[in-house]
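Working through the structure, step by step
Read off the chains here:
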Amino acid sequence: MSALAPHAQSVAAGPPVRPSTSATPLLELDHVSINFGGVRALENLSLTLRAGEIRGLIGPNGSGKSTAFNVITGLYRPRSGEIRVAGHSVVGLRPDQIASRGVARTFQTLRLFQAMSVVENVMLGTHLGEQAPSPVSILLGLSASRRFEREAHERSMAALEALQIADYAQETAGNLPYGVQKRVDLARSLVANPSLLLLDEPAAGLTGAESQQLMELIRNLHAERDFALLLVEHDMQFVSDLCPRITVIDFGKLLVEGTPEDVRQNRDVVAAYVRTGVLCAGARPAPGSTSETPATQAPVLEVKNLDARYGAVPALRSVSLRVASGSITAIIGAHGPDKTTLLSAV
């Protein structure tokens, strides 16, 4: 297998990208609200995305980010408000009808068919926006069916080439490292040649190197194909490096929009994430604590240069940790499995 590299190649064109004039936003959410029982998942949320724009959508856990994706793609129907794609309402349409209008997405959790090959998984995305052959044509092996299958395979292989995973095309999807499976999921959404791509935590569970490679691939593909991109991601470095503009929501409401720097310095955003309204630069000793620090106490737990892998994917690299008797230690970091992996290893 070839090494994963950040370079991207061209993806063969599928259905034409749906044009949108500069005057008409490609995606509009206009005061969208939805409830789950007594829980308000989205409340009067408005958002506008222009053709070719890259936008980050962030917020604390449970803020409504994935719910926003689900109402855009027709999995949920909003209680009120309007959703338009290229100026046309999509409220009430089925997910496949919305997808045929040039909208593609990934999910937080992988939705691959684990027993199918990589290329077969990607080919499932080629039917969107095109008229697939009839069941009779497929059963009889008519020329139209064979042509559709051949073209779908060619487009799927081109998408895999663009994401540098073509060598895995005939491998069973469920046997591949997690980072490769994430790229397969992305390839399936790209093969339909969308005008609007919704990525739900594409870097979750990836190592730092894998995240950087994925970011470069997305940049290259966006430069080639000029789709609009709405990105949900907990890795703020990933979002800040990729997205010129970020929308922040909390409790289903719009909190703030701006550049990554504007968002980082916004007090309301800090309060939403920290839930205290105060961002402290240093720690204060707890009442009654002694002057002895954890560094000078005998540790009850000591981890030195711990490594762990999931198949070929590194999860922990040279992690060292000391926990002193009676101390309280927090393990924090970007969204992904590393923190849980550390606890499982201990």
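Here, the structure is the one placed above.
The notes below deal with the structure included here. Keep in mind it's a predicted model, so treat the numbers as computed, not measured.

A few points about a nonpolar patch on the surface
Residues F36, V39, L75 and Y76 make up a contiguous nonpolar surface patch of roughly 360 Å² in combined accessible area. Inspection of the secondary structure puts V39 in strand β2 (residues 39-49).

Let's talk about the pairing of strand β9 (residues 245-250)
In terms of residue burial, β9 counts as a mostly covered element, since five of its six residues are buried. Pairing geometry for strand β3 (residues 54-58) and β9, over four bridges, is parallel. For I58, the partnering residue across the bridge sits in β9 and is V248. When β9 meets strand β10 (residues 253-258), the two strands line up antiparallel, connected through five bridges. Each bridged residue has a counterpart across the sheet, and for I249 the counterpart in β10 is L254. In this antiparallel pair of consecutive strands, β9 and β10, the connection spans two residues, and F251 shows a positive phi of 50°.

Description of the sheet that holds strand β4 (residues 80-85)
Sheet strands pair via backbone hydrogen bonds, and the direction of the pair is either parallel or antiparallel. The strand order across the open sheet formed by four strands is β2-β1-β4-β5, and the pairing between neighbours is antiparallel. Two strands in the sheet have a free side with no partner beyond their single neighbour: β2 and β5 (88-89). Running over the sheet, helix α1 (residues 65-72) touches β1 (27-36), β2 and β4 and is turned about 110° from β1.

Overview of the pairing of β2
Walk down a regular strand and you will see the side chains alternate between the two sheet faces. Both β1 and β2 contribute to a ladder of seven bridges, which runs antiparallel. In the strand pairing of β2, F36 is matched with V39. Taken together, β1 and the strand that follows it, β2, pair antiparallel across an intervening segment of two residues, in which G37 is found at a positive phi of about 65°.

Here we look at unusual backbone geometry
Unlike most non-glycine residues, E201 shows phi in positive territory, near 55°. Examined against the element boundaries, E201 turns out to sit in the loop between β7 (196-200) and α7 (208-225). For F251, which is not glycine, the phi dihedral falls at a positive 50°. You can see F251 is positioned in the loop between β9 and β10.

Points about the environment of R264
Positionally, R264 belongs in helix α9 (residues 260-265). Judged by relative accessible area, R264 falls into the partly exposed class, the value being 44%. Here the alpha-carbon distance between R264 and M236, two residues 28 residues apart in the chain, equals 9.3 Å. Not counting residues within four places of it along the chain, the set of residues in contact with R264 comprises S240 and V270.

Brief notes about the packing of aromatic side chains
By the definition in use, this model includes one aromatic pair. With a centroid separation of 5.1 Å and 70° between ring planes, the pair formed by F36 and Y76 is classed as edge-to-face. Of this pair, F36 sits in strand β1 while Y76 sits in the loop between α1 and β4, placing them 40 residues apart in sequence. On the basis of relative accessible area, F36 is assigned to the partly exposed category, the value being 38%.

What counts and how
Residues numbered from 1 in each chain as written. Predicted model: local features only at pLDDT ≥ 70, side-chain atom pairs only at ≥ 80, totals over all residues. Heavy atoms only, no water. Patch = residues over 30% accessible without salt bridge, like charges linked within 9 Å, V, L, I, M, F, W, Y side chains within 5 Å. Areas by Shrake-Rupley, 256 points an atom, 1.4 Å probe, with all protein chains shown as cover. Salt bridge = Lys/Arg side-chain N within 4 Å of Asp/Glu carboxyl O. Helix = DSSP H or I, 4+ residues; strand = E, 2+ residues; numbered from the N terminus. Buried < 20%, exposed > 50% of the residue type's maximum accessible area, 1.4 Å probe, protein only. Pairing = 2+ DSSP bridges. Contact = heavy atoms within 4.5 Å. Axes fitted to C-alpha atoms, helices over the stretch in contact; angles between N-to-C directions. Phe/Tyr/Trp six-rings, centres within 6.5 Å; stacked < 30°, edge-to-face > 60°.

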